[in-house]
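Secondary and tertiary structure notes
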Amino acid sequence: MKKPLLLASLLSLFLIGCSSTPIVDVSKPAGPSASNDENDLDLASLRDPNNILSKRSIYFDYDKDTVKAEYKDLLAAHAKYVASHPKAKMTLTGNTDDRGSREYNVSLGQKRSVSVKKSMNVLGAQDTQIETVSFGEERADTNCKDDACYGKDRRVDISYEKE
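The structure contained in this document is the topic of the report that follows.

1. Some details on the overall build of the protein
On a plain count of helices and strands, the protein comes out with six helices and four strands. Of the regular secondary structure in the protein, the N- to C-terminal order runs α-α-α-β-α-β-α-β-α-β. Nonlocal contacts in the protein, meaning residues at least 24 apart in sequence, comprise 72% of its contacts between residues at least 6 apart. Of the roughly 10700 Å² of accessible surface on the protein, a fraction of 56% belongs to carbon and sulfur atoms.

So, in structure tokens, the structure goes:
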């Protein structure tokens, strides 16, 4: 009876004495720059004026929250970017012109930002990477006198967290 007990004790001591060695990913360079968010997120492509990702506004028709077909490529590019960069987080900010009540404009701005978010979700962006916000008419040009000017206020702006 003492032999199995001695064998079990020795095996336990052996296992306790063993330590594991952490696995190191040799495909990434060591050091603080290895986990640098700027490198992980490829912010240079977001800032390059020749890259479609530098375009950040989607414009809407008066009193509408439907994304126009002309913005399909822009939305696809941003959706692809966040889908390929899991750490990326964006904010979609809905805006309106200053016509209509404050409450209505906040609601319309939110509907616009949600509409853009849904389009990006369909194109591969994860829900958790996108926050929607509405400023309504808060950022509107109060000196507008014609539709061309008002049209600049009816938009959703894209911004990235680490930018």
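Next, the rest of the story.
2. Comments concerning empty space enclosed by the protein
If a probe as big as a water molecule is rolled over the atoms, it shows which places are left empty. Across all of its chains, the model carries one cavity of 30 Å³ or more by this definition. The volume enclosed by the largest cavity comes to roughly 40 Å³. Considering the residues around the largest cavity, the lining is formed by Leu-41, Leu-43, Leu-46, Tyr-81, Lys-87, Ala-88, Lys-89, Tyr-160, Glu-161, Lys-162 and Glu-163. In the lining of the largest cavity, the residues fall into six nonpolar, no polar and five charged.

3. Topic: the pattern of salt bridges
Tallying each qualifying case throughout the model produces eight salt bridges. Residue Lys-68 is joined to Asp-61 by a salt bridge in which the shortest nitrogen-to-oxygen separation is 3.1 Å. Residue Asp-61 is classed as partly exposed on the basis of its relative accessible area, which comes to 41%. One salt bridge connects Lys-117 with Asp-127, and the closest N-O pair in it is separated by 3.3 Å. Linking Lys-117 in helix α5 (residues 102-122) with Asp-127 in the loop between α5 and β3 (130-136), this pair joins segments that are 10 residues apart in sequence.

4. Focus: the packing of helix α4 (residues 72-84) against α5
Look at α4 against α5: their axes get within 9 Å of each other, and the N-to-C directions meet at 65 degrees. With respect to the hand of their crossing, α4 and α5 are arranged in right-handed fashion. Two secondary-structure elements touch here, α4 through Leu-75, His-78 and Ala-79 and α5 through Val-116, Ser-119 and Met-120.

5. So, the nonpolar core
In this structure, Ile-58, Tyr-81, Met-90, Val-116 and Met-120 are the most contacted members of the largest nonpolar core, which totals 24 residues. Listed by contribution, the elements that provide at least two residues to this core are α3 (43-47), α4, β2 (90-95), α5 and β4 (155-160). Among the elements that line this core, the one with the most residues is α4, at six residues. In this structure Met-120 touches Leu-75, His-78, Ala-79, Met-90, Ala-125, Ile-130 and Ile-158, once residues within four positions along its chain are discounted.

6. A short note on the side chain of Asp-153
Residue position: Asp-153 is located in helix α6 (residues 147-153). Arg-155 provides the closest opposite charge to the buried, unpaired Asp-153, separated from it by 4.0 Å.

7. Describing the state of the cysteines
Per the stated rule, a full pass over the model turns up one disulfide. Here Cys-144 is linked by a disulfide to Cys-149, with a sulfur-sulfur distance of 2.0 Å. Judged by the sign of its S-S torsion, about -65 degrees, the bond between Cys-144 and Cys-149 is left-handed. Across the pair, exposure class does not vary: Cys-144 and Cys-149 are buried alike.

Reading guide: rules and limits
Residues numbered from 1 in each chain as written. Predicted model: local features only at pLDDT ≥ 70, side-chain atom pairs only at ≥ 80, totals over all residues. Heavy atoms only, no water. Helix = DSSP H or I, 4+ residues; strand = E, 2+ residues; numbered from the N terminus. Contact = heavy atoms within 4.5 Å. Areas by Shrake-Rupley, 256 points an atom, 1.4 Å probe, with all protein chains shown as cover. 1 Å grid on protein atoms, 1.4 Å probe; cavity = no way out; pocket = protein on both sides within 12 Å on 5 of 7 lines; lining within 4 Å. Points joined across faces, edges and corners; volume = space filled by probe spheres on them. Nonpolar A, V, L, I, M, F, W, Y, C, P; charged D, E, K, R; others polar. Salt bridge = Lys/Arg side-chain N within 4 Å of Asp/Glu carboxyl O. Buried < 20%, exposed > 50% of the residue type's maximum accessible area, 1.4 Å probe, protein only. Axes fitted to C-alpha atoms, helices over the stretch in contact; angles between N-to-C directions. Left-handed = near helix turned anticlockwise from the far one by under 90°. Core = buried A, V, L, I, M, F, W, Y, C linked by side-chain atoms within 4.5 Å. Lys, Arg positive; Asp, Glu negative; His and termini not counted. Disulfide = S-S within 2.5 Å.

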